[in-house]
Amino acid sequence: MKFKPANNIQDLQYFGEFGGVNPSISDSSTYTFLSAKTMFDTFEGNTDGCYLYSRHSSPSNLYLGEALAAMEGTEAANVAGSGMGAITPTILQICGAGDHIVSSRTIYGGTYAFLKNFTPRMQIKTSFVDITKLDVVEAAINDNTKIIYCESVSNPLLEVADIIGLAALAKKYNLQLVVDNTFSPLSISPALLGADIVIHSLTKFINGSSDTMGGVVCGSTDFINSQKSVIDGASMLLGASMDSLRSSSILKNMRTLHIRMKQHSKNATFLAEKFEANGLKTVYPGLKSHPSHEIFKSMMNVEYGFGGMLTIDAGSLEKANALMELMQEKNLGYLAVSLGFYKTLFSAPGTSTSSEIPEDEQKEMGLTDGLIRFSIGLDDDIERTYQMMHACMKQVGVL
Ligand code: PLP
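Keep in mind the model is a prediction, meaning the values are calculated, not measured.

A few words now on the site of the ligand. The full set close to the ligand counts 15 residues, and Gly 83, Asp 180, Ser 201, Thr 203 and Lys 204 are the nearest of them. One of the backbone nitrogen or oxygen atoms of Met 84 is found 2.8 Å away from an oxygen atom of the ligand. Separating an oxygen atom of the ligand from a side-chain N or O atom of Asn 155 is a distance of 2.9 Å. Compared with its free state, where it exposes 390 Å², the ligand has 93% of that area covered by protein.

Have a look at this one:
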């Protein structure tokens, strides 16, 4: 049967304490026990339905986790206070001193910096590879490798990972395939394609209103429980927990995710086709010219489209900056990092979200100075937006 992630979210039914149509928010950091014995058992992880302390879990966080697990088709999920708060404990839960990771070289700058600059302090090494080349990925695997790490659609270059191919490699070498699916919620369901662990920054499309940070790890019940263990769980012990007020607001926003993703995808497709026809170097997984267009197609849940992210090359950083400033002045969007807002957001990754990556490495991976990353908004009249963007491009000499 076809996997319907939005149905899975909508089919969940929670009532509030007084019959409310939304679950009550657990406005407490700690919880009482009727007996000391139950408290002891809960610390041992033995009592279902008892809450201990909100860094471990809270009813609101469990509701959101359940919705995200349903969306990704995993047994369980654990929410965190940010995307990095989901990524870092996942890596540290799996890897220790002497272990090795094979990672895509085009990933979010913060994840890259963590793997490149931080985990080596713990004797965890990472080989950064072109994730689109399965033979290169396989050649980088060694006896100490524990993880293959990638983004379904990479930040900022929009490279598409062949999750089925990578899952086969992970299986062959007994590794964990960890996929950050932040750029393609609903469109791609990595766990269904063989990923062991799926991560999101909820800060982006899933929450969709740029008013909070959040993250989630989706995986097997065993893995999620191991991360939450009071004895040695990286999520529990590193403490990047989400607050219940926030999880309850993200859960409410998630219920419109399918409508928003369709509109983001529709608008991004429209603009990408126009920009490409204008002769601009445009990267969008929905374009036939995208090197992994067919792979995306083979993996996608068709109704949600190719997502809201696209890039163009403005030719130089000066032109990119001039264009972004003018588009902001004309109220076409905001010169801001992040993604998944109702308004279009644009930034030049080389000097912002990927500035952690040294310049020579940026060049090697094809991250040019003039690259502008767009998170296309929910504009109702995308033709008007296009006409205005086109005029801006003419004015600053990008066209
Ligand atoms: N993963 C991707 C693909 C991202 O783009 C980002 C942030 O930009 C993150 C993870 C980190 O998420 P957060 O900023 O919520 O910590």
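Attention shifts here to the pairing of strand E12 (residues 371-375). Burial analysis of E12 places 5 of its 5 residues in the buried class, which makes it a mostly covered element. Burial along E12 is two-sided: Leu 371, Arg 373 and Ser 375 and Ile 372 and Phe 374, pointing in opposite directions, are all buried. Note that strand E9 (residues 309-313) and E12 share 5 bridges and pair antiparallel. Looking across to E12, one finds that Asp 313 is bridged to Leu 371. Sheet topology note: the strand E11 (residues 345-347)/E12 ladder contains 3 bridges and is antiparallel.

All right, on to the side chain of Arg 373 then. Summarising the element assignment, Arg 373 is placed in strand E12. Salt bridges are absent for the buried Arg 373, whose nearest opposite-charge side chain, Glu 151, sits at 8.0 Å. Here the side chain of Arg 373 touches Asn 155 through a polar contact of 2.8 Å, side chain to side chain. Within the structure, Arg 373 has its side chain in polar contact with the backbone oxygen of Ser 338 (distance 3.4 Å).

Moving on to the layout of surface pockets. Over the atoms a probe the size of a water molecule is rolled, and this reveals where empty space is left. For the largest pocket, the calculated volume is near 710 Å³. Forming the walls of the largest pocket are 27 residues, and the residues nearest its centre are Asp 48, His 56, Ser 57, Asn 225 and Lys 228. Counting only elements with at least two residues in the lining of the largest pocket, the list comes to helix H2 (36-43), helix H3 (59-72), strand E1 (76-80) and helix H8 (221-228). Tallied by class, the residues present in the lining of the largest pocket amount to 11 nonpolar, 11 polar and 5 charged. By volume, the second largest pocket is sized at about 380 Å³.

In this section: the packing of aromatic side chains. A complete count under the given rule lists 11 aromatic pairs for this structure. Plain terms: the ring middles of Tyr 31 and Tyr 51 are 5.6 Å apart, the flat faces sit at 45° to each other, and that makes the pair tilted. Of this pair, Tyr 31 sits in the loop between helix H1 (5-10) and H2 while Tyr 51 sits in the loop between H2 and H3; the two residues are 20 residues apart in sequence, bridging distant segments of the chain. For Tyr 51, a relative accessible area of 23% puts it in the partly exposed group. Summarising the aromatic geometry, the rings of Phe 296 and Phe 306 are spaced 5.0 Å apart at their centres and angled 40° between planes, so their arrangement reads as tilted. Pair noted here: Phe 296 is in helix H12 (residues 293-299) and Phe 306 is in the loop between H12 and E9, with a separation of 10 residues, a long-range link. A residue is classified by how much of its surface remains accessible, and Phe 296, at 1% relative accessible area, is buried.

All right, on to empty space enclosed by the protein then. Throughout the structure, instances matching the rule amount to 3 cavities of 30 Å³ or more. Estimates place the volume of the largest cavity at around 160 Å³. In terms of residue count, E1 provides more of the lining of the largest cavity than any other element does, 4 residues in total. Across the lining of the largest cavity, the residue classes break down as 8 nonpolar, 9 polar and 2 charged. Volume-wise, the second largest cavity comes out at about 40 Å³. Around the second largest cavity, the lining residues are Val 153, Leu 158, Phe 183, Ser 184, Pro 285, Phe 296, Phe 306, Gly 307, Gly 308 and Met 309. Class assignment for the residues of the lining of the second largest cavity results in 7 nonpolar, 3 polar and no charged.

Calculation notes
Residues numbered from 1 in each chain as written. Predicted model: local features only at pLDDT ≥ 70, side-chain atom pairs only at ≥ 80, totals over all residues. Heavy atoms only, no water. Near = heavy atom within 4 Å. Polar contact = N/O pair within 3.5 Å; in protein donor to acceptor, adjacent residues only side chain to side chain. Areas by Shrake-Rupley, 256 points an atom, 1.4 Å probe, with all protein chains shown as cover. Buried < 20%, exposed > 50% of the residue type's maximum accessible area, 1.4 Å probe, protein only. Helix = DSSP H or I, 4+ residues; strand = E, 2+ residues; numbered from the N terminus. Pairing = 2+ DSSP bridges. Lys, Arg positive; Asp, Glu negative; His and termini not counted. Salt bridge = Lys/Arg side-chain N within 4 Å of Asp/Glu carboxyl O. 1 Å grid on protein atoms, 1.4 Å probe; cavity = no way out; pocket = protein on both sides within 12 Å on 5 of 7 lines; lining within 4 Å. Points joined across faces, edges and corners; volume = space filled by probe spheres on them. Nonpolar A, V, L, I, M, F, W, Y, C, P; charged D, E, K, R; others polar. Phe/Tyr/Trp six-rings, centres within 6.5 Å; stacked < 30°, edge-to-face > 60°.

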